[in-house]
Every structure is written in C-alpha cells, then in structure tokens.
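Architecture and fold: a report
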Amino acid sequence: MLQQTKSSMKPYIYLFPVLSILFFVFTLGLGISILQSLGYYPGIGLQGFTLQYYREVFRSGAFFSGLLFSFKIAMLSSGIAAMIGISLAYLLVMQRKEYPGLQTVLKLPVIVPHLVAAFLIFTLFSQTGIIARLGMLLGLIESSQQFPALIFDSRGIGILLAYIWKGAPFVFLILYQVLRSIEKDMVEAARNLGASGGDLFFRIFLPLSLPSVFSSFIILFAFSFGSYEIPFLLGPTSPRALPVLAYIEYINPDWTNRPYAMAMNMVLAGISILLVWLYHWIFKHYRYFRKEG
Amino acid sequence: MEKATRKILLMGMSALLILPLGMILIWSVTVSWPFPELFPRELGLRGLGAILQPGAPALESLLTSIRIAVLVTFITLGITIPGGRALGIHEFPGKGFIKIFVLAPLMVSPVAIVMGIHGTFIRLGITNTELGVVLIHIVPVIPYGIRIFTNIFELVGDQLEEQGKVLGAGSVQTFFHITLPTIMPGIISAGSLIFIISFSQYFPTLLIGGGSVRTFPLLMVPYIQSGDRMMAASYSVVFIGAAVLALLAIENVLKLYYRSGTGIAGVFYSGK
C-alpha cells in the first residue's frame, strides 16, 4: 500500500505502451469504421451523418440471409464444440491419470491454423473426399455426385465442421484444468456421501465449471461469427457469411460502397458486444443465485 | 458409467479429432490418387520438394512469416508484461475499465478493425510493409498476453521483488534475476500462443500487406481454393511442422537458459 502512494503514476506508465498501440490501431480502426458506417467519409466527399446505410443494409436480402447464416453457424459450432470439449475433459479427469501423450496430441487442432482446418474438412467431406470414397467402396453411393454436398453447401455444414474441429480441443484444454481442480477438491467427499457418476457430472462438475464453459463458448462464438477465412474457403456463394459479404463490398472499386461494408461490420461487432454483456449479466445473477441456493 | 467405458469413449472421441490429420500427411506425399480409389496410386515428394527446395518462393515466405511472428511475439511480450503487472499488482482509478478494454479485441471482429484502419495505414505509408503487418498482428494477441500476465502477477505479487530490493538489488537486477524467472512459465505459454496466432493470420496480412508482404498462409490459400490437394497438403504439413518446431524451441531455449542460470534465477525456476 505504501508503494502506491509513493508513485501513483507507476501503473499508468506500465500500461502506456500497450494502451497506445490499442488506441492507435484498435480504437482508431473501430472509430473510423463507425464514422464511415454513418456516412462520414470525407476522403470520398461524404460529410454528413446518416442512418441511410444501416437502413439499406437491413433491407437487403443478402445481408439478412448472411446474418442469419453467420449467427446460426457461430451458435451451433460453438455450442457443439463446448459440449464435446467438456465431455472430453470430464472423461479424462475421471480416468484419474494424466495421459500426457493424449493431452499433447489434443493440442494439435488448436495449433493448426484455420486455413489448414478448412483444407482438412475439404479432404474428408468433399464429394471426392475420403468419406465419399468409403461410401463408394461400401456400395452406398454409385458416383461422387450422389454424395451429399457438405462443402460449399447452403446449410454451411463444412464451415460448421471446421469450427467444431478447431473449437472442441480448445474448450477441452481450458476445461480440463478447471475440472481437475474441482476433482481434487470435491469428488472424494461427494463419493463418500453416495454420489453416482451422473450426480458428479450434473451436480458438481457442470455447475462449478459453467462460467468457464460459457466464457470459452463466447470466445469461440465471437471468433467464428467475425472471421473470414473458413466461410471464404468452404462457404457457398449464397448465402454468404457476413464478414465475406462485408469484404466484397469493401473491395468494390466504387468507394461509395464502403459505408455498406462498415455498417455490416458494426452489426457484427454490435452482436458480439451484446453477447459479452449478456454473459456478464447472466453470471452476476448466476453467482447471486448460487449463493442463495 | 464404468471406468472402462469412459476410457473407450475418451480414446474414440480423441481419435476422431486427431486421425483426420493423417489425411493431410498422406496427401502431402501423394502424386496421384484418383477418385474413387481408397489408397494413393503413386507416392512421391514432389509437393514437399517444391516448397522446401532452396530459393523457392514458399521457403522465402516461410522465413517472412517466422520473422513477422517473432517480432510480434517480442513486442507483445514487451508491452503486455508491464501491462499485466500493473493490472495484477496495483490498484488505481480506471483499472476496471482498462481490464475490459484490453480484452475487447477478442470480441470485435478483426475484419471491422482492419478495414477501419486500412486508410490510415495507407496515409502513413505502412501498408505493403512488414511494419504495418506486425502492427496489425499485435492487436488480436494483446488480450491473451494481458490475461496471462495479469493472472500471474496477481498470483506472485511483488513480495519477492521487494525482498530483492531490501537486499540491495537495483531495478535491472531485480527484473532479470527475480521478475523474469518468476513469470517464465507465463512467458513460455503467452509466447507460444502469440507466435502461433501471428503465424496463422490470413485476412489482416492480405489487406494490410497488400500482396507485397507474402507470408506462408497467403501463398497457401490459392492451392486450397483450386483444390490442388497435393500442394495444399504439402503447405499444411510444412506449416504445422514449422509451428511445432517453433513451440519446442520457445519452450526449451527459455527453460535451458533459466535452468543453467546461476543464482536465484536458476534455483527459483528449477524449484517450481
């Protein structure tokens, strides 16, 4: 405590470098995006402020189907990845053995970049992929055309699979640490009190690790909702994921299209931020609820 | 559930996640594998050879990628260690806001940020340069660095540093002999994470690098798009190999350095 009164500027000096880079690139980038989405773009002679671009974007069918497409994929892939991740963590913790080799190989999908994940899904699930080949061998299909289109399809199955493949091990790595410390503290006692395997999972592991499950879900959601690579490589031409749609508007040679791209970006960012807020809100009440219970 | 059932489930699910990577390995040494055959018809090292032969553009781009990722890692560690220290140890007005603000890049789509700052970078003349690419890569990794170092400093506090000072150590000595070894596990995990994320970036490099900064992912994408599986797989294998080697290097070099270190540093680290 003494030290803080002595030099109250110290933490600000420590934070100065990281905050200045964030202000210069992140805040400025976000600020300019907001201004341009509102039609303020002096570089091409747009001076006024208007909500016209948001209105037009919201009226466009491509935007709406893209928004729905991105949202659906982000929700489903993050939810499924979270479920697989926590199951893996639970199964490993209950072995009460470390299996360091298994833990190491499960890190691989986290290290592998999204571009490679997209390619991996392509080699497995495309109409000439290994699964289609197996189908031919087993006589389930007679030509590659009969294999269901899972890549570049309008339901986005390929995109979904790529995000799940990357996301599940990520959730596992985070949850394994959490579940292991819960196991050390509680499981013996619960067992002695007569808890069954199901009790352990649903009444101890799951409720105690729920904040970590949710925060990893949110990180995955925000990432898959706002990223470009995987829907660009595995997505259909219609509907197009929101980041892909925004980039197409952005590289349009007609610069007056840029405000539309920015408006789409702001809707993307807005939904992610809303979700973070929702997360904090839920957990403020969740903790309160748990203390009561 | 029986323990044995759980073990089978665990191994089965892990295998489903990991084994597909074998497909990439096979495709990288496949020259010909027509549909619907289940096994490659002809194996060879043509794909890997095209990437790894001296003077190949792919090899050059691999070096560019490593150079950028190393720079991003060092700069980000350099700014997030003091930042995490401030947030982990000190109490000060505005701390709550800053703690949320530094995590914001995780939540806001990088597509929005990159497009927003693009024009400014053009005016500053740093598009199409490695400097611009390094700057744009730093933003998404700041949250990870800050989070890891805030947690570590919250845990270790500054008592050890104070003791050192009482015993007469200067600030430089304190930093190199006490702070650095104490937070070494965090430096290793944050460093690996930052390196990997920068190494894997595509979109920010594409827009800010403008095609002049040719990183490995940029060269790889056309092969994935055109469905050239042999080349795409070869790129993937080299990419994963380089990433794994880099991670091993980060871990072992730092550990070795501090194990062999004399005095409190070596003792403290090996005692952990």
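Quick caveat, the model's predicted, so the values are computed rather than measured. (Residues numbered from 1 in each chain as written. Chains lettered and ligands numbered in written order. Predicted model: local features only at pLDDT ≥ 70, side-chain atom pairs only at ≥ 80, totals over all residues.)

So, the overall build of chain B
Per the secondary structure count, chain B includes 14 helices and 2 strands. Expressed as lengths along the three principal axes of its C-alpha atoms, the size of chain B is roughly 75 × 60 × 40 Å. Counting every position in chain B, which comprises 272 residues, the buried fraction comes to 41%. Long-range pairs, those at least 24 residues apart, make up 73% of the contacts in chain B with a sequence separation of at least 6. (Helix = DSSP H or I, 4+ residues; strand = E, 2+ residues; numbered from the N terminus. Buried ≥ 20, exposed ≤ 12 C-beta atoms within 10 Å, placed from the backbone. Contact = placed C-beta atoms within 7 Å.)

Some thoughts on the overall build of chain A
Along chain A, the regular secondary structure elements total 12 helices and 0 strands. For chain A, the N- to C-terminal ordering of α and β elements is α-α-α-α-α-α-α-α-α-α-α-α. The principal-axis extent of the C-alpha atoms belonging to chain A is close to 80 × 75 × 35 Å. Burial status across chain A gives 43% buried among its 293 residues. The contacts in chain A between residues at least 6 apart in sequence include a share of 74% that link residues at least 24 apart.

Topic: the packing of helix α6 (residues 114-125) of chain A against helix α2 (residues 20-28) of chain B
Direction vectors running N to C along α6(A) and α2(B) enclose 90 degrees, while the axes themselves pass 9 Å from each other. By the criterion of interaxial angle, the relationship of α6(A) to α2(B) is roughly perpendicular. Here A:L120, A:T123 and A:L124 of α6(A) come into contact with α2(B), specifically with B:P20, B:L21, B:M23, B:I24 and B:W27. (Axes fitted to C-alpha atoms, helices over the stretch in contact; angles between N-to-C directions. Parallel < 35°, antiparallel > 145°, perpendicular 65-115°, else oblique.)

Observations concerning unusual backbone geometry
Of the consecutive residues A:S238 and A:P239, the connecting peptide bond is found in the cis state with omega at -5 degrees. With respect to the secondary-structure elements, A:P239 resides in the loop between α10 (229-234) and α11 (242-250). The omega torsion across B:F35 and B:P36 is 0 degrees, close enough to zero to call that bond cis. Tracing the backbone through its elements, the reader meets B:P36 in the loop between β1 (30-32) and β2 (42-43). Positive phi is not limited to glycine here, since B:N128 has a value of about 60 degrees.

A word on helix α10 (residues 184-200) of chain B
Residue and element names in this part refer to chain B. In this model α10 runs 24 Å from its N-terminal to its C-terminal C-alpha over 17 residues, within 8% of the 24 Å that 1.5 Å per residue would give. In terms of residue burial, α10 counts as a mostly covered element, since 12 of its 17 residues are buried. For α10, the full list of buried residues reads G186, I187, A190, G191, S192, L193, I194, F195, I196, S198, F199 and S200. (Expected span 1.5 Å × (residues − 1).)

Here we look at the interface of chain B and chain A
On the side of chain A, 68 residues touch chain B, which itself brings 66 residues to the contact. Those elements that place two or more of their residues in the side of chain B that touches chain A are α1 (3-18), α2, α4 (57-89), α6 (110-124), α7 (130-156), α10, α12 (216-226) and α13 (229-260) of chain B. Ranked by residue count, the leading element in the side of chain B that touches chain A is α6(B), at 10 residues. Of the residues contributing to the side of chain B that touches chain A, the split by class is 50 nonpolar, 11 polar and 5 charged. (Nonpolar A, V, L, I, M, F, W, Y, C, P; charged D, E, K, R; others polar.)

A short note on the confidence of the model for chain B
All names here are of chain B. Put simply, chain B has an average pLDDT of 89, and 94% of its residues get 70 or more. The low-confidence segment residues 262-272 (pLDDT under 50) makes 17 contacts with residues lying over four places distant or belonging to another chain. The ipTM, which scores confidence in the relative placement of chains, is 0.89 for this predicted complex, and the corresponding pTM is 0.91. (pLDDT = per-residue confidence, 0-100.)

Some remarks on the confidence of the model for chain A
Parts of the model with low pLDDT should not have their predicted coordinates read in detail. Per-residue confidence for chain A gives a mean pLDDT of 89; residues scoring 70 or more make up 95%. Counting contacts from residues 1-5 of chain A, a segment whose pLDDT is below 50, to residues more than four positions away or on other chains yields 2 contacts.

Some details on the environment of B:S192
Residue and element names in this part refer to chain B. Relative to the helices and strands, S192 is located in helix α10. S192 gets classed as buried once you count the C-beta atoms within 10 Å, which come to 20. In the structure, S192 is positioned 58 residues away from I250 in sequence and 6.9 Å away in space, judged by C-alpha atoms. With sequence-adjacent residues up to four places away left out, S192 is seen in contact with L247 and I250.

Some details on the environment of A:K284
Residues and elements named next belong to chain A. Here K284 is to be found in helix α12 (residues 258-292). Its 10 C-beta neighbours within 10 Å are what place K284 among the exposed residues. Placed 102 residues apart in sequence, K284 and I182 show a C-alpha to C-alpha distance of 21 Å.

A closer look at the packing of helix α5 (residues 100-111) of chain A against α1(B)
For the pair α5(A) and α1(B), interaxial distance at closest approach is 9 Å and the crossing angle is 40 degrees. In this structure, α5(A) meets α1(B) at a crossing whose hand is left-handed. Mapping the contact onto sequence places A:L102, A:V105, A:L106, A:L108 and A:P109 in α5(A) and B:S14, B:L17 and B:I18 in α1(B). Here the contact of α5(A) with α1(B) is composed, by residue class, of 7 nonpolar, 1 polar and no charged. (Left-handed = near helix turned anticlockwise from the far one by under 90°.)

Some details on the nonpolar core
Of all hydrophobic cores here, the largest spans 153 residues; its most connected members are A:A89, A:A118, A:I121, A:A162, A:L234, A:M264 and B:V114. Of the residues forming this core, the biggest block, 16 residues, is contributed by helix α4 (residues 61-95) of chain A. If near-sequence neighbours (up to four positions away) are discounted, A:A162 is found in contact with A:A117, A:A118, A:I121, A:I230 and A:L234. (Core = buried A, V, L, I, M, F, W, Y, C linked by C-beta atoms within 7 Å.)

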